[in-house]
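# Descriptive structure summary
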Amino acid sequence: SSSSISINITMSSEAQEPPTINGDQMTDNRDGKTYTIADIAGKKWMTQNINYAPKSGYFCKTASSDDMCATYGGYYTYSGALKACPYGWRLPTEDEVLALDAAVEHEWWQVGGRFKIADDVATDYGLEDEQGYIWIQVSGENSSFRVKNYGEDSPHELQSGSIAERAYNVRCVLDQ
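All values reported here derive from a predicted model rather than from experimental measurement.

In terms of regular secondary structure, the chain is built from 3 helices and 14 strands. Here the chain holds 176 residues, and 43% of them are scored as buried. Summarising the internal contacts of the chain: among those between residues at least 6 apart in sequence, 55% fall at separations of at least 24. Here the chain displays about 9,400 Å² of accessible surface, and carbon together with sulfur accounts for 45% of that area.

On to the environment of Glu 157, then. Inspection of the secondary structure assignment puts Glu 157 in strand β12 (residues 156-160). On the basis of relative accessibility, which here comes to 22%, the residue Glu 157 falls in the partly exposed class. Through-space distance from the C-alpha of Glu 157 to that of Ser 144 is 8.5 Å; in sequence the pair is 13 residues apart. With residues up to four places along the chain from it excluded, the contact list for Glu 157 reads Ser 144, Phe 145 and Arg 146.

This next bit is on the packing of aromatic side chains. Applying the stated criterion to the full structure yields 9 aromatic pairs. Aromatic pair Phe 115 and Tyr 125: ring centres 4.9 Å apart, planes at 50 degrees, arrangement tilted. Linking Phe 115 in strand β8 (residues 112-118) with Tyr 125 in strand β9 (residues 121-128), this pair joins segments that are 10 residues apart in sequence. The interplanar angle of 10 degrees and the centroid separation of 4.3 Å between the aromatic rings of Tyr 133 and Tyr 168 together place this pair among those described as stacked.

The subject of this paragraph is the environment of Tyr 125. Judged by its relative accessible area of 16%, Tyr 125 falls in the buried class. In this structure the C-alpha to C-alpha distance between Tyr 125 and Arg 166, which are 41 residues apart in sequence, comes to 9.8 Å. Aside from chain neighbours lying at most four places away, what touches Tyr 125 is Thr 62, Ser 65, Met 68, Tyr 72, Tyr 75, Gly 112, Gly 113, Arg 114 and Phe 115. A distance of 2.6 Å separates a polar atom in the side chain of Tyr 125 from the backbone oxygen of Gly 112.

Attention shifts here to the pairing of strand β3 (residues 33-40). Bridge count for strand β2 (residues 25-28) against β3 is 4 bridges, and the pairing is antiparallel. Residue Met 26 lies in a different strand from β3, and its bridge partner there is Tyr 35. Where β2 folds back on β3, the antiparallel hairpin that results is connected by 4 residues, among which Gly 32 adopts a positive phi of roughly 80 degrees. Of the pairings in the sheet, the one linking β3 to strand β4 (residues 43-46) comprises 4 bridges and is antiparallel in character. In the strand pairing of β4, Ala 38 is matched with Trp 45.

Reading the values: rules and limits
- All residue numbers refer to positions counted from 1 along the written sequence of the respective chain.
- Reporting in this predicted model follows two pLDDT cut-offs: at least 70 for local features of residues, and 80 or more for side-chain atom pairs to be given and counted; totals over whole chains, interfaces and linings ignore these cut-offs and use all residues.
- Calculation of side-chain values draws on the structure's entire complement of heavy atoms; hydrogens and water are dropped beforehand.
- Helix and strand definitions here come from DSSP, where helices need a minimum of 4 consecutive H or I residues and strands a minimum of 2 consecutive E residues; each element is numbered from the N-terminal end.
- The rule is simple: take the accessible area with a 1.4 Å probe, protein chains only, and divide by the maximum for that residue type; under 20% is buried, over 50% is exposed, in between is partly exposed.
- The contact rule is simple, with two residues in contact once any of their heavy atoms fall within 4.5 Å.
- Here the accessible surface of atoms and residues is derived via Shrake-Rupley with a 1.4 Å probe, and residues count as covered only by protein chains that are part of the display.
- Between rings of Phe, Tyr and Trp, where Trp is taken as its six-membered ring, a pair exists when centres lie within 6.5 Å; planes separated by under 30 degrees are stacked, by over 60 edge-to-face, and by other angles tilted.
- Pairs of N or O atoms within 3.5 Å make up the polar contacts considered here, provided that, within protein, one atom can donate a hydrogen while the other can accept it, and that residues adjacent in sequence are counted only when both atoms are side-chain atoms.
- Strand pairing follows a simple DSSP-based rule, namely that at least 2 bridges must link the two strands.

That's the geometry; what it means functionally is another story.
Written out as structure tokens, the structure reads:
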């Protein structure tokens with residue numbers, strides 16, 4: 001007797017596809033958006049916050065706010081941030097972001113505020129032009145790097161702890 005076997009292969013819509021790099025431009029082939037990149041502090045960095053929209057963990061506005069992603073790039077929960085960078089790129093480590101911060105002027109950072117998240121909904125947006133945050137990769141915890149536009153006390157600092165209910169920006173670094 002003969003039998004047949006059928007195998008169905010499907011591909012996730014968030015499949016790993018490397019970006020196209022042409023000089024100082026990187027095009028994210030997942031959505032066609034182009035970003036400027038630069039070699040800084042021994043690493044290849046995106047010079048803008050990424051604005052890729054994964055299926056979850058991505059926010060641009062609350063019910064009463066403007067679309068902040070158009071100005072500052074995407075805002076991500078930590079789990080969303082882990083899916084934001086294109087294939088071959090990743091969140092920076094603590095050492096990488098500190099080396100970058102020592103090498104660039106304060107104005108290099110975007111100070112685009114943050115979203116508060118409750119039950120996977122953006123409930124509040126704030127701190128625009130006052131503070132900016134990017135997620136960083138730290139083993140076992142969700143951590144970020146904060147840049148402030150006021151005060152002299154630690155205008156740039158690492159943060160960790162109870163920041164799970166926040167959505168911050170992402171700057172990707174080439175995984176070398």
